[in-house]
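# Remarks on the overall topology
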Amino acid sequence: MCGIIGYVGTRDVPSVLLGGLWRLEYRGYDSSGIAVIGNGELIIRKVPGKLSELEALIKRQPVSGGIGVGHTRWATHGLPQENNTHPLIDCNEEIALVVNGIIENYLSLKDDLESRGHIFRSVTDSEVIVHLIEEDLDKGLVDAVRSTVKKLTGNFAFAVISVNDRSKIVCARHDAPLICCYNSKEAAVASDISGVVSIFNDVIYIPNDSIVVLGKGKCNITNFQGREVRVTPRKVTIDVKDIDKGHFPHFMLKEIYEQPKVLHNIINERIVGGRVTLGSELGISDAEMKKVSRILIQACGTSWHAGLVGKYIIEKFARIHTEVDISSEFRYRDAVLDSDTLVMAVSQSGETADTLAGLREAKVKFLKVLSLVNVIQSSIHRESDGIIEIMAGPEIGVASTKAYTAEIVHLYLLALYLGSLRGFVSKVDLEEHIAALTKLPAQVEQVIRLDDDIREIAEEFSDARDFLFLGRGLNYATALEGALKLKEISYINATGYAAGEMKHGPIALIDHKMPIVCVNPRSSVYDKMFNNIQEAVARKGIPISVVTKGDRRTRGISKHSIPIPECHECVSPILAVIPLQLLAYHIATLKELDVDRPRNLAKSVTVE
Ligand code: F6R
């Protein structure tokens, strides 16, 4: 959600800014712009729409200079039109600002600023920041930023440059992500590491509530009160090819195909000598884990679906009462949490605003938080007591795929770990589970080989207006996830439901035109789910069933069936979701939609 980039140095500044914005594009945006200081003045180029349009504009109207900032905007306050696009400038056109976040008290600040004569060019909440800085510029840019941040409520990360000092970028962050890099020749700031990946070897994760003054060979970090903050730079561990599509037409397809490799790496790393190891940052001792009497998993979207699978598996193997909450509900519902409750956050990006707020809510109540995250050094990583890195690698496609299966496999590993610790999982059981997990990468590979068959099914249904997805037990979450994948990238109305709930309402939707994706691999609820499919058939619905290879019963009543390999019930949510990811992908590409950047969505949802 909104991408920030800033650069000062010897390279061609517009190219560095555009390159960074392209790599930050996945975060989601609907307009973009840059500001460069050349010949002592701010030169701004901005467009509503895609980065290709900004690139074309810069080609038509070139800019040059030694310092600049750039931005991709995901509209919150005000339409995606040129006046609302960042960089935003002050009344005197001396400073240019790019912001990610939401300023909650902007209306009162704006009233005050307007009463003091400031002219607003946009209807954004962010514009108040540039005018507040402008008011204090006589103290110098850094102090003006310091006094400004104290007046803001909400969450923000921003970078600002001034025509009066072309050697530095001043940045600040409060509850929104920002990183920076520097060496003796150049320096850059970005929303995340992908913005600067090809340029620097080391990165600084800017601490929350701090201000950074960044220039060639210079990076001074202070907190909002002005005290120096020391931060050790870390090695940049991703490289350009990790965030490149390679020979795939879309990131989403690449990431679906990467799942066998991701699972293989996880299993190799996490199962050592016949035991589950969850990494060096677990942060919660075995003794503390033994005392846990309740787990509360809070997450959003796809990560929430992974949490639902986690609930079933943790309760089954560790016998710990486990609840799963949507973070935006959890954070405001004043949940009953006693001292033996372990709160878990599950998040690919590690920056989801509601999940982060849920984590903080738990910490205010002095509870330990264990998080599953993909992005290392993200806010959720840094603020948790312990973390388990899900090891999915960079996920660029907005629709989450490989992170989902990596989250589930880690929740499964956690359940086994807790179960062993508490004596509910015997050595023999553990061996059986490890055998099931070890087979998984090759089995996922087999499912991916069905891609062409799934595309044919997609061709038949790409014009459908509505879809229903049904599942039970562990695969209830698979049904929800399949429906979410389809609706977010194909814009088809898709409803995921627990199949047993169908007759309490949604069955009324079924007619001869309704494709119903039924997730029914062999499991403890197979017969129950079979009955639910029969009920749908009796109402002329069109079942497309995910079944275990060789299952003739469900295949016999389905219009299409997609076979997954025979597997342990607990890994079935991983195998069964792959066809649903591919189905959604193909339907969306057949409709010629922008699969990697679906409308209105952002990869990293940093506002609530
Ligand atoms: C859907 C999707 C979203 C995210 C949700 C949480 O494909 O990607 O539903 O799962 O925004 O994001 P994270 O996991 O980054 O907290």
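Reading the values: the criteria
- Residues numbered from 1 in each chain as written.
- Predicted model: local features only at pLDDT ≥ 70, side-chain atom pairs only at ≥ 80, totals over all residues.
- Heavy atoms only, no water.
- Near = heavy atom within 4 Å.
- Polar contact = N/O pair within 3.5 Å; in protein donor to acceptor, adjacent residues only side chain to side chain.
- Areas by Shrake-Rupley, 256 points an atom, 1.4 Å probe, with all protein chains shown as cover.
- Helix = DSSP H or I, 4+ residues; strand = E, 2+ residues; numbered from the N terminus.
- Nonpolar A, V, L, I, M, F, W, Y, C, P; charged D, E, K, R; others polar.
- Domains from an automatic or database assignment.
- Buried < 20%, exposed > 50% of the residue type's maximum accessible area, 1.4 Å probe, protein only.
- Pairing = 2+ DSSP bridges.
- Right-handed = clockwise from strand over helix to strand, strands pointing away.
- Contact = heavy atoms within 4.5 Å.
- Buried area = accessible area lost by both parts, 1.4 Å probe.
- Salt bridge = Lys/Arg side-chain N within 4 Å of Asp/Glu carboxyl O.
- Axes fitted to C-alpha atoms, helices over the stretch in contact; angles between N-to-C directions.

In this section: the site of the ligand. Within the structure, the ligand sits among 15 residues, and S303, S347, S349, T352 and E488 are positioned closest to it. One of the backbone N or O atoms of T302 is found 3.1 Å from an oxygen atom in the ligand. Contact distances for the ligand include 3.3 Å between an oxygen atom and a backbone N or O atom of V398. For the ligand, whose unbound accessible area comes to 410 Å², protein coverage reaches 89%. Listing elements by their share of the shell around the ligand, those giving two or more residues are α9 (301-318) and α16 (476-490). A breakdown of the residues in the shell around the ligand according to their chemical character gives five nonpolar, eight polar and two charged. Looking at which domains feed residues into the shell around the ligand, each of domain 2 (259-441) and domain 3 (450-595) gives three or more.

In terms of burial, strand β17 (residues 294-299) is a largely internal element, six of the six residues being buried. Side chains R294, L296 and Q298 project from β17 onto one buried face, and the interleaved I295, I297 and A299 project onto a second face that is buried too. As paired strands, β17 and strand β18 (residues 321-326) are joined by six bridges and run parallel to one another. Its bridge partner being in β18, I295 is matched across the sheet by T322. Note on the crossover from β17 through α9 to β18: the handedness is right-handed. Judged from the six bridges that link them, β17 and strand β19 (residues 341-347) form a sheet pairing that is parallel.

Here we come to the domain arrangement of the protein. For the protein, the assigned domains read domain 1 (3-242), domain 2 (259-441) and domain 3 (450-595). Centre-to-centre separation of domain 1 and domain 2, based on C-alpha positions: 34 Å. The interface of domain 1 with domain 2 comprises 11 residues on the first partner and 11 residues on the second. Summing both sides of the interface, domain 1 and domain 2 together bury roughly 920 Å²; the carbon and sulfur share of this comes to 51%. Applying the counting criterion to the domain 1 and domain 2 interface returns one salt bridge. Put simply, R360 and D175 hold a salt bridge, and the shortest N to O gap is 2.7 Å. Taken together, the links from domain 1 to domain 2 amount to three residue pairs in polar contact (both at pLDDT 80 or more). Its residues assigned to classes, the side of domain 1 that touches domain 2 comprises six nonpolar, one polar and four charged.

The next point concerns the sheet that holds strand β9 (residues 179-182). Pairing is antiparallel in the open sheet, where eight strands are placed in the order β3-β2-β4-β1-β10-β9-β11-β14. Looking at the sheet topology across the chains shown, the edges are occupied by β3 (41-48) and β14 (234-235). Along the sheet, helix α1 (residues 13-24) contacts β1 (3-8), β2 (31-38) and β4 (67-73); its crossing angle with β1, the most-contacted strand, is approximately 155°. Sheet contacts for helix α2 (residues 51-60): β2, β3 and β4; angle to β3, the most-contacted strand, approximately 140°.

Pairing is parallel in the open sheet, where five strands are placed in the order β23-β22-β24-β25-β26. Two strands close off the open sheet at either side, each with one partner strand: β23 (493-498) and β26 (560-564). Pairwise comparison of adjacent strand axes, ignoring direction, gives a mean angle of 15° for this sheet. Where strand β25 (residues 542-548) and β26 come together, five bridges link them in parallel fashion. Paired with V546 across the strands is I562, a residue of β26. Relative to β26, helix α15 (residues 451-461) is tilted by about 150°, and along the sheet it contacts β22 (466-471), β24 (515-520), β25 and β26. Relative to β23, α16 is tilted by about 175°, and along the sheet it contacts β22, β23 and β24.

This next bit is on unusual backbone geometry. Looking along the chain, the bond that leaves H86 and enters P87 is cis, with omega of 0°. Even without a glycine there, the phi angle at D334 is positive, about 50°. Take D334: it is sitting in the loop between α10 (327-330) and β19. The exposed category is assigned to D334, whose relative accessible area is 59%. The backbone of F366 shows a phi angle near 60°, a positive value even though the residue is not glycine. Summarising the element assignment, F366 is placed in the loop between α11 (353-364) and β20 (369-373). What makes F366 exposed here is its relative accessible area of 78%.

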